Amino acid sequence: MNSKVLTVREATLGVLRSFGVDRVFGNPGSTELAFLGDWPDDIDYVLGLQEGCVVGMADGYAQATGRPSFVNLHSAAGLGHALGNLFTAFRNKTPMVVTSGQQARSLLQMRPYLFAEDAAQFPKPYVKWSAEPARPQDVPAAIAQAFLVAMQHPRGPTFVSVPSDDWARPAGAPPVRRIATEFAPDSAAIVRLGAAIAAARRPVFVVGPDIDRSGCVAAMVAVAEQARAAVWASPMSSRSSFPELHPQFAGFLPAAPGGLAHALRGADLIVVIGASVFTFHVEGQCELLDDGTPVWQITDDPTEAASAAVGDTIISTLPKALVALQAALPETAERQAPAARALPAVPAAQNPIPPAYALGRLSALMPPDAIVVEEAPSHRPAIQQFMPRPGADSFYTMASGGLGYSLPASVGVALARPGRRIVALIGDGSAMYCVQAIWTAAQRGLPITFVIMNNSGYGAMRAFSQLMQAHCPPGIDLPGLDFVALAKGMGCVGQRITDAGDVDRILSQALTSRGPALVEIVVDDATTDLFSHPR
């Protein structure tokens, strides 16, 4: 046993290395300086200019690497700035350890400046576990525990508050531990599900983001092909968990009960894998929840299982579940494979620029292995129609619905995927939440093409105002934003497109830039129907 006495800081850096942490994402403050002084060369410190950006970058990095990321924030104020993207990290099931500074222990009774009151309670319920250790020597072990909890399924962020004078105190190195986090499904339940799929005439699979998060897209394709079943993407899915040009891919389920029921009409078995049953955004009647259609779910999340409105659930991590399900499926050669969906033609070039035209040209011009990090909610239907993604590690967005994630997340994905072109496809409203992340991309010369779809407002809110019959609500229009000027002010080149004839030339330049480049496309501001049936 290693009995060497270290400082809390030295022991904590050892904990980070033991969990494979090669980058720390942060925005420094006075209560963190004792941790940050004489920073080691083997751990990259990634600076974000606002704490929401910091957590977004760390989230993208953890999602793309599959490893836990580490975040260092400044006391309660910094954590408060980060809470929006911490909520997104929770909904994204992102393995992430967040620390924040606390005032010195000797001052806590006097409620000093920068004092974080009830620090461990502040980020709840959007962390899996949180603590402010009772003693300085407990800090390294608490951070090790935070990593172990973050990596257990369902994965998610954890939090540790560290008083500023703890870092120089003595501490021992906690033991290096490994926990096997994968767990297998109940074998009898898998056999029943396999038999149900074999007996169905028109089974459908609904694939969720946990499939891609778990590295299981190829396994999901194998199961779907063996079952000869149609495959739908779950409502509001934050990843691409099935190749969208595969002939069995049927489309994207809307987050509206009526539209979802209409899309799945005729199915005599619904199998939801890696998603909730179901995620809705608007009210309505979902007939299939009442008509007795058999529904099965496979998830690694017991809370997701318990909250399902109907059906039977198998709790398992997806790599083990999909292998077991494929083994349990009999041959279904007599079942005819579903017809491939018809893809719409890309609209012709015209002015003002139709969003679908801009997205179709972007899709055609991108490198085949480009990764899209998207946050353009009002354009999501057109993105799904005109930018089909190939599946694994090709698409990221937020699972929470909270804006400000994807622009900084594109920085984290770029750090995790050197050599890949990253396309950050962002709406004009979304871009203003964490636009500071462009500075980090410019400082590091990352190959990110920021594409800002500027429809001069919150397009999704325009759609909702029509759906909810809210006449002329305030705060929806966003005139006067100049994203090219903003980008240039942070060291990133930028161009603005107002004429469809310039789309190919300017996008091509931005997609081959050595460092980051921003393209602002001024598009038609027509309102989009976000919840109609996709066919």
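Above this text you will find the structure in question.
Predicted model, so just to flag it, every value in this text is computed and none were measured.

Looking now at the overall build of the protein. Of the regular secondary structure elements, the protein holds 19 helices and 20 strands. Its C-alpha radius of gyration of 24 Å places the protein within 12% of the 24 Å reference for a compact globule of 535 residues. Along the first, second and third principal axes, the C-alpha set of the protein runs to 70 × 60 × 45 Å. In the protein, buried positions account for 57% of the 535 residues. In the protein, 77% of the contacts between residues at least 6 apart in sequence involve partners at least 24 apart. With the model as given, the accessible surface of the protein reaches about 21,400 Å², and the carbon-plus-sulfur share is 54%. Taking the average location of the 39 positive side-chain charges in the protein and that of its 46 negative ones, the two points are 5 Å from each other.

Strand order in this open sheet of six strands is 11-10-9-12-13-14, and the pairing throughout is parallel. With partners counted over all chains shown, the strands left at the sheet margins are strand 11 (249–252) and strand 14 (312–315), one partner each. If you compare each strand with its neighbour and ignore which way they point, the axes differ by 20 degrees on average. The sheet contact formed by strand 13 (residues 295–299) and strand 14 spans four bridges and is parallel. From the neighbouring strand, Thr299 faces strand 14, where its bridge partner is Ile315. Of the strands in this sheet, strand 9 (203–207), strand 12 (269–273), strand 13 and strand 14 touch helix 6 (residues 187–199), which is tilted by about 135 degrees from strand 13. Along the sheet face, helix 8 (residues 217–227) touches strand 9, strand 10 (230–233) and strand 12 and points at about 170 degrees away from the line of strand 9.

This part covers the nonpolar core. In a soluble, globular protein the nonpolar side chains are often hidden away together inside. Residues Phe25, Val71, Ile448, Phe450 and Leu518 are the most contacted members of the largest nonpolar core, which totals 51 residues. With residues up to four places along the chain from it excluded, the contact list for Phe450 reads Leu407, Ser410, Ala424, Ile438, Ala441, Cys492, Pro516, Ala517, Leu518 and Val519. Core analysis: the next-biggest nonpolar cluster, separate from the first, contains 32 residues, Ile211, Val271, Trp296 and Leu329 among them.

Below, the discussion takes up the side chain of His153. Tracing the backbone shows His153 in the loop between helix 5 (139–150) and strand 7 (157–163). Take His153: its relative accessible area is 16%, and that puts it in the buried class. Side chain to side chain, His153 and Glu182 meet in a polar contact 3.4 Å long. A distance of 3.2 Å separates a polar atom in the side chain of His153 from a polar atom in the side chain of Asp300.

Our focus in this paragraph is the pairing of strand 2 (residues 23–26). Here strand 2 shows two buried faces, one formed by Arg23 and Phe25 and the other by Val24 and Gly26. In the sheet, strand 2 pairs with strand 4 (residues 69–73) via three bridges, with the strands oriented parallel. Bridging from a neighbouring strand, Phe25 pairs with Val71 of strand 4.

Tallied over the entire structure, the rule returns 12 aromatic pairs. Ring geometry for Phe242 versus Phe249: centroids 6.4 Å apart, planes at 20 degrees, classification stacked. With centroids separated by 6.3 Å and ring planes inclined at 40 degrees, the aromatic side chains of Phe278 and Phe280 adopt a geometry described as tilted. Overall, the relative accessible area of 10% leaves Phe278 in the buried class.

This part takes up the packing of helix 14 (residues 406–416) against helix 16 (residues 437–444). Relative orientation of the contacting elements helix 14 and helix 16 amounts to 25 degrees, with a least axis distance of 8 Å. On the basis of the axis angle, helix 14 is roughly parallel to helix 16. In this structure, helix 14 contributes Leu407, Pro408, Val411 and Leu415 to the contact, and helix 16 contributes Ala437, Ile438, Thr440, Ala441 and Arg444. A class-by-class count of the residues in the contact of helix 14 with helix 16 yields seven nonpolar, one polar and one charged.

When two helices pack together, their arrangement is given by the angle between their axes and by how far apart the axes lie. For the pair helix 3 (residues 51–65) and helix 4 (residues 75–91), interaxial distance at closest approach is 7 Å and the crossing angle is 30 degrees. Taken as a pair, helix 3 and helix 4 cross one another with a handedness that is right-handed. Residues Glu51, Gly52, Val55, Gly56 and Asp59 of helix 3 form the contact with helix 4, whose participating residues are Gly78, His81, Ala82, Asn85, Leu86, Thr88 and Ala89. Of the residues that constitute the contact of helix 3 with helix 4, the class distribution is four nonpolar, six polar and two charged.

The subject of this paragraph is the pattern of salt bridges. Under the criterion given, the structure shown has 22 salt bridges. Residues Arg444 and Asp44 are paired through a salt bridge, measuring 2.8 Å at the closest nitrogen-oxygen approach. Of this pair, Arg444 sits in helix 16 while Asp44 sits in strand 3 (residues 44–47); the two residues are 400 residues apart in sequence, bridging distant segments of the chain. Judged by relative accessible area, which is 25%, Asp44 ranks as partly exposed.

Let's shift gears to the sheet that holds strand 15 (residues 371–375). Strand order across the open sheet formed by six strands is 16-15-17-18-20-19, with parallel pairing between neighbours. Because the sheet does not close on itself, it has two edges, and the strands there are strand 16 (395–396) and strand 19 (493–497). Contacts from helix 12 (residues 355–365) reach strand 17 (422–427), strand 18 (448–454) and strand 20 (517–522), with the element oriented near 170 degrees to strand 18.

The rules behind the values
- Residues numbered from 1 in each chain as written.
- Predicted model: local features only at pLDDT ≥ 70, side-chain atom pairs only at ≥ 80, totals over all residues.
- Heavy atoms only, no water.
- Helix = DSSP H or I, 4+ residues; strand = E, 2+ residues; numbered from the N terminus.
- Rg over C-alpha atoms; globule rule 2.2 N^0.38 Å.
- Buried < 20%, exposed > 50% of the residue type's maximum accessible area, 1.4 Å probe, protein only.
- Contact = heavy atoms within 4.5 Å.
- Areas by Shrake-Rupley, 256 points an atom, 1.4 Å probe, with all protein chains shown as cover.
- Lys, Arg positive; Asp, Glu negative; His and termini not counted.
- Charge placed at Lys NZ, Arg CZ, Asp CG, Glu CD.
- Pairing = 2+ DSSP bridges.
- Axes fitted to C-alpha atoms, helices over the stretch in contact; angles between N-to-C directions.
- Core = buried A, V, L, I, M, F, W, Y, C linked by side-chain atoms within 4.5 Å.
- Polar contact = N/O pair within 3.5 Å; in protein donor to acceptor, adjacent residues only side chain to side chain.
- Phe/Tyr/Trp six-rings, centres within 6.5 Å; stacked < 30°, edge-to-face > 60°.
- Parallel < 35°, antiparallel > 145°, perpendicular 65-115°, else oblique.
- Nonpolar A, V, L, I, M, F, W, Y, C, P; charged D, E, K, R; others polar.
- Left-handed = near helix turned anticlockwise from the far one by under 90°.
- Salt bridge = Lys/Arg side-chain N within 4 Å of Asp/Glu carboxyl O.

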